[in-house]
Amino acid sequence: MNESYLYLGLYLMAILVSAFSQLLLKISANKTYSSPIREYLNPYVIVAYGFFFLSTFLTMLAMKYIPLSTGPVLDSLGVILVPLLGCLVLKEKISKRQLVGMAVIMVGVFLFNL
């Protein structure tokens, strides 16, 4: 297997981990807490920031081996993943405005890769 595909997969995993961490923060924000301390120090928030740290580490590792121009293009996929995960897990509705935004992102990624 080509080594560049391994690091590309690692970068995509970092984006997915980051999307899951944002989902955990969204779940935590939808709950009510007895004190401001519990609002910020609860398992959802702690795990989410752990995931953010992991995502940052994976991104740094992968960016050493993939072209720098590829990073921002792949990062835009995270903007698409978060609403999709919110729809699947939290049963949120995706608005027309969000759909248009996702479509613009996908067209941009497609055009960039021509």
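Residues numbered from 1 in each chain as written. Predicted model: local features only at pLDDT ≥ 70, side-chain atom pairs only at ≥ 80, totals over all residues. Heavy atoms only, no water.

Participant: Just checking my understanding: could you explain the packing of aromatic side chains for this structure?
Facilitator: One pair of aromatic rings is described through two measures. These are the centre distance and the angle between the planes. Summed over the entire model, instances satisfying the criterion amount to 2 aromatic pairs. With a centroid separation of 4.2 Å and 25° between ring planes, the pair formed by tyrosine 7 and tyrosine 65 is classed as stacked. Of this pair, tyrosine 7 sits in helix α1 (residues 3-29) while tyrosine 65 is found in the loop between α3 (43-63) and α4 (70-90), placing the two residues 58 residues apart along the sequence. Overall, tyrosine 65 belongs to the partly exposed group, its relative accessible area being 42%. Plain terms: the ring middles of tyrosine 49 and phenylalanine 52 are 5.9 Å apart, the flat faces sit at 50° to each other, and that makes the pair tilted. Placement of both tyrosine 49 and phenylalanine 52 in helix α3 is noted, with a separation of 3 residues, approximately one turn of the helix. A relative accessible area of 25% means that phenylalanine 52 is categorised as partly exposed. (Phe/Tyr/Trp six-rings, centres within 6.5 Å; stacked < 30°, edge-to-face > 60°. Helix = DSSP H or I, 4+ residues; strand = E, 2+ residues; numbered from the N terminus. Buried < 20%, exposed > 50% of the residue type's maximum accessible area, 1.4 Å probe, protein only.)

Participant: In this structure, what is going on with the environment of aspartate 75? I would like to understand it.
Facilitator: Locating aspartate 75 in the fold gives a position in helix α4. In sequence terms aspartate 75 and serine 18 are 57 residues apart; their C-alpha atoms lie 10.0 Å from each other. In this view, aspartate 75 contacts Tyr11 and Ile15; residues no more than four positions away in its chain are not counted. There is a polar contact of 3.1 Å between the side chain of aspartate 75 and the side chain of tyrosine 11. (Contact = heavy atoms within 4.5 Å. Polar contact = N/O pair within 3.5 Å; in protein donor to acceptor, adjacent residues only side chain to side chain.)

Participant: Explain the pattern of salt bridges to me, please; I cannot follow it from the model alone.
Facilitator: Close approach of charged atoms allows side chains of opposite charge to pair. Inspection of every chain in the model, using the stated rule, returns 1 salt bridge. Where lysine 26 meets glutamate 92, a salt bridge forms, and the shortest distance between an N and an O atom there is 2.9 Å. Pair noted here: lysine 26 is in helix α1 and glutamate 92 is in the loop between α4 and α5 (96-112), with a separation of 66 residues, a long-range link. (Salt bridge = Lys/Arg side-chain N within 4 Å of Asp/Glu carboxyl O.)

Participant: It is not clear to me how the packing of α4 against α5 should be interpreted in this structure. Could you clarify?
Facilitator: Helix packing for two helices is described by the angle between their axes and how far apart those axes are. Contact pair α4 / α5: the axes reach a minimum separation of 10 Å and the direction vectors enclose 155°. As judged from the angle between their axes, α4 and α5 are roughly antiparallel. Note on packing geometry: the crossing formed by α4 with α5 is left-handed. In this structure, α4 uses Val73, Ser76, Val79, Ile80 and Pro83 to contact α5, whose residues at the interface are Gln98, Met102, Ile105, Met106, Val109 and Phe112. Split by residue class, the contact of α4 with α5 holds 9 nonpolar, 2 polar and no charged. (Axes fitted to C-alpha atoms, helices over the stretch in contact; angles between N-to-C directions. Parallel < 35°, antiparallel > 145°, perpendicular 65-115°, else oblique. Left-handed = near helix turned anticlockwise from the far one by under 90°. Nonpolar A, V, L, I, M, F, W, Y, C, P; charged D, E, K, R; others polar.)

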